[in-house]
Structure formats: C-alpha cells, structure tokens
Amino acid sequence: MARFHTNKRHVATNPDFIIAVDSAAYGILMTCKAFISKGDEAIVLNPVDFLFKYSVESCQGTAVPLSVPLAPDGMINIEALENAITAKTKLICLCNPLNPTGKVFTKFELEQIGNLAIKHNLIILSDEIWSDIVFGPHAYTSIASVSDAIKQQTIIVTGYSKSYGLAGLRVGSVIAPNEKLYQQVLLASDHHSTTHGCNVLAQVAVKSALDDCEDWLHSFVNHLKNMRDICVDDLNKIVGITCHSPQGCYLVFPDITDTLLLEKAKVAVVPGLGKWFGDRAAGHIRLSFATSEEILKEGLDRITKVLNER
Ligand SMILES: Cc1ncc(COP(=O)(O)O)c(C=O)c1O
C-alpha cells in the first residue's frame, strides 16, 4: 500500500500512517469524525457522491456545497471556493476523479485548492477511490503529490471497490501524512474499541491486487474506455439526452431533463436526486458502463427504444 502510493501516486507514504478500514465509505466518515465537531463546516462539491454530506452531517457539521461544472473539462471556481470558507470551515472534501461527472482535476486546480487549504489551515479529505479509472490523455494527480506543504494538510481515503471489484470484501485505506494527523484519525476511527476493523482476507486480496494485477487493471481501463465511447455516442444519439464524455470513473451522467422517466426500459440507473449527489444533479441520471459490450449495448438499445416511442 505504502509502496503503491509512493511509486504510483508520487506521495511518499509511511506504512505506519496507513489505517486499513472496512470500506472507503467508513474512511470518509472517520476522517470527518476526526476533524468535524458540532457547528463546524466542510466544503462539499456539488454534485458529488452522497457519502461526503452524509458523513459531515453525521458529525453534526454543515456541508457547504461548492458548485462544480457538470462538463468534466470545466474548471473549479477557486474564488467561489475561497468565498465559501468561513471561520467555521475545517475540511475541504475533494473527490478526484469526481463521481458522478467523471472530472479529473488538473494539477493547476489541485495546487490552487491545496494552497487555499494551507492559507486557511484546512484539512483536505482527498477521496481517491476512482484514481485508477482515468482515460488518456487525462492523467491522475494526487493533491498530496503537488507539494509537501499540501501533503501535510491532506488525509487520503481510498478503496478497491472500483479498480478491482472488491466492494464485497469491505476494504479501504486511510493515509495520514504525519504522526499527529494519524493519531487524530485513528482515535476518531474507534478502531481501538474493536467495533471497527478490516478483515485479514480483504487485506491479502488488496495486496495481491496491487502487487500482481497491474496488467489486468490496464486491460480493464482499456475496455472501459471503449465502453465509455459507445455509451456516450449512443446516448447522444437519443433526442433529448445530452451526455459529456467522462475523463475518469466508469460512469456517465447524462442530462435527461428533456425526456420521460426510464421505468419502461428496465435498465437500472441512479436518479440524479439531491440526496444522492447534491442539487446540481437534478435532471440527470447516473449510469455505469463497467460491463461487457453486449450488456451495455442491450441496455442502451432498451433506453433508446423506450425514448423513441414517446
Ligand atoms: C467517491 C466514492 N467514495 C467512496 C465510495 C465507497 O467505496 P467503498 O465501497 O469502499 O465503501 C464510493 C462508492 O461508490 C465512491 O464513489
């Protein structure tokens, strides 16, 4: 794990400061527990996966939404980010690549976010669970690799559900940059009480995935890139649907405002409800294209047929 982050993410990582957790979801919650108390605020991207708002609010904090462009190549508005910071702000929750829009943050954006965190002494919760699923020419940068000063403000949360399909084993990692933050997160995690912990089998599976499955991951990402192109092309052919091409994540997030609901198509999608992604998700659905071309085509055909019947 430490070797992976040091070599592949260019974040020099001390194995003593990694906590194996029973899901990235819990990694987010325990990081919030470590830094958010009643009345504190955390900046949460909008749209983004519901876990951030859920975790901040579980700690009786306020999730302050920061609008991000729905187009993956839209840049984050740094002025808006700085304006959202108040005396109560403790945390910036970053999700890179961004579920659900598929944005991969540029090094320039990360540097600006990181420098704001330093300026206002904020912790960055960097959720990197999608960091292996990035489509060339886009490349992944961990915010903790941008400078040592930024790294010292950053807690990385990651998991193995996306790149290696290990969701069922319930496993993730939380990486602190130094002893002080490590102790703070460990204390908040409640691991000492034995009410939480990551099973050994899952940890062995992760070691094997990271050590032995690089070739498999490479082919998986190539396959996903083809599925992405099919999915985006086919969706954009449907009248009323607008779909951007994601730079990372195996998700598309088409705007279906001008269509009817998809109940008749019998394809499972996630609705763009505020409770799942924030209010900027309205009018969208989230579709996963992490499947075979055959199944993907079948799903897209059903959607097309139902929508063309209107
Ligand atoms: C951004 C993000 N973080 C965390 C998670 C949760 O991962 P895990 O299965 O390890 O709890 C997800 C799952 O969808 C996710 O998209």
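Residues numbered from 1 in each chain as written. Predicted model: local features only at pLDDT ≥ 70, side-chain atom pairs only at ≥ 80, totals over all residues.

(A) Representation of the overall build of the chain in the model. When its secondary structure is counted, the chain shows 11 helices and 10 strands. Relative to its length of 310 residues, the chain is compact, with a C-alpha radius of gyration of 19 Å against a globular reference of 19 Å. In terms of principal-axis extent, the alpha carbons of the chain reach across some 60 × 45 × 35 Å. (Helix = DSSP H or I, 4+ residues; strand = E, 2+ residues; numbered from the N terminus. Rg over C-alpha atoms; globule rule 2.2 N^0.38 Å.)

(B) Up close: the sheet that holds strand β6 (residues 154-159). The 7 strands are arranged β1-β7-β6-β5-β4-β2-β3 in an open sheet whose pairing can be described as mixed. For this open sheet the edge positions go to β1 (18-21) and β3 (62-67), each flanked by a neighbour on one side alone. The mean inter-strand angle of the sheet, taken between neighbouring strand axes irrespective of direction, is 20°. Where strand β2 (residues 41-46) lies against strand β4 (residues 89-95), 4 bridges are found, and the strand directions are parallel. Each bridged residue has a counterpart across the sheet, and for V44 the counterpart in β4 is C93. (Pairing = 2+ DSSP bridges. Axes fitted to C-alpha atoms, helices over the stretch in contact; angles between N-to-C directions.)

(C) Region of the structure containing the pairing of β2. Counting buried positions over the 6 residues of β2 gives 5, a clear majority of the element. With 6 bridges joining them, β2 and β3 adopt parallel strand pairing. What sits directly across from N46, in β3, is S67. Read from β2 through helix α3 (residues 51-58) to β3, the crossover connection turns out right-handed. (Buried ≥ 20, exposed ≤ 12 C-beta atoms within 10 Å, placed from the backbone. Right-handed = clockwise from strand over helix to strand, strands pointing away.)

(D) Structural view of the sheet that holds strand β8 (residues 251-252). Pairing in this open sheet of 3 strands is antiparallel, and the strands run β8-β10-β9 from one edge to the other. Of all strands in the sheet, those bounded by a partner on one side alone are β8 and β9 (270-271).

(E) Just the nonpolar core, in detail. Ranked by size, the top nonpolar core spans 85 residues in total, and within it A42, V44, L91 and C93 carry the most contacts. Of the residues forming this core, the biggest block, 9 residues, is contributed by helix α2 (residues 24-35). Here this core gathers at least three residues from each of two domains, domain 1 (2-212) and domain 2 (214-308). Beyond its immediate chain neighbours, meaning those up to four positions away, A42 contacts C32, I36, V56, G61, A63, V64, K90, L91 and C93. (Core = buried A, V, L, I, M, F, W, Y, C linked by C-beta atoms within 7 Å. Domains from an automatic or database assignment. Contact = placed C-beta atoms within 7 Å.)

(F) Focus on the domain arrangement of the chain. The domain boundaries assigned to the chain delineate domain 1 (2-212) and domain 2 (214-308). On a C-alpha basis, the centroid separation for the pair domain 1 and domain 2 is 25 Å.

(G) A look at α2. Between its first and last C-alpha, α2 extends 17 Å over 12 residues, near the 16 Å set by a 1.5 Å rise per residue. The buried fraction of α2 is high, at 12 of 12 residues. Turning to α2, its buried residues are A24, A25, Y26, G27, I28, L29, M30, T31, C32, K33, A34 and F35. (Expected span 1.5 Å × (residues − 1).)

(H) View of the environment of G27. Along the polypeptide, G27 turns up in helix α2. If we ignore the near neighbours within four places in the chain, the residues touching G27 are V21, V157, G172 and V174.

(I) Seen up close, unusual backbone geometry. In this structure, P100 follows N99 across a cis peptide bond, with omega equal to 25°. Secondary-structure assignment places P100 in the loop between β4 and α5 (107-119). In the Ramachandran plot, N121 falls in the positive-phi region, its phi being about 50° despite a non-glycine side chain. Residue placement: N121 occurs in the loop between α5 and β5 (123-127). Unusually for a residue other than glycine, R170 sits at a positive phi of about 50°. Tracing the chain through its elements places R170 in the loop between β6 and β7 (172-175). Look at R170 and you get partly exposed, because 18 C-beta atoms sit within 10 Å.

(J) Geometry of the packing of α2 against helix α7 (residues 179-189). It is the contact of α2 with α7, at a shortest axis distance of 8 Å, that shows an interaxial angle of 110°. Considered as vectors, α2 and α7 are oriented roughly perpendicular to each other. Of the two elements, α2 crosses α7, and the hand of that crossing is right-handed. Only Q184, V185, A188 and S189 of α7 make contact with α2, whose side of the interface consists of M30, T31, K33 and A34. Classifying every residue of the contact of α2 with α7 by side-chain character gives 4 nonpolar, 3 polar and 1 charged. (Parallel < 35°, antiparallel > 145°, perpendicular 65-115°, else oblique. Left-handed = near helix turned anticlockwise from the far one by under 90°. Nonpolar A, V, L, I, M, F, W, Y, C, P; charged D, E, K, R; others polar.)

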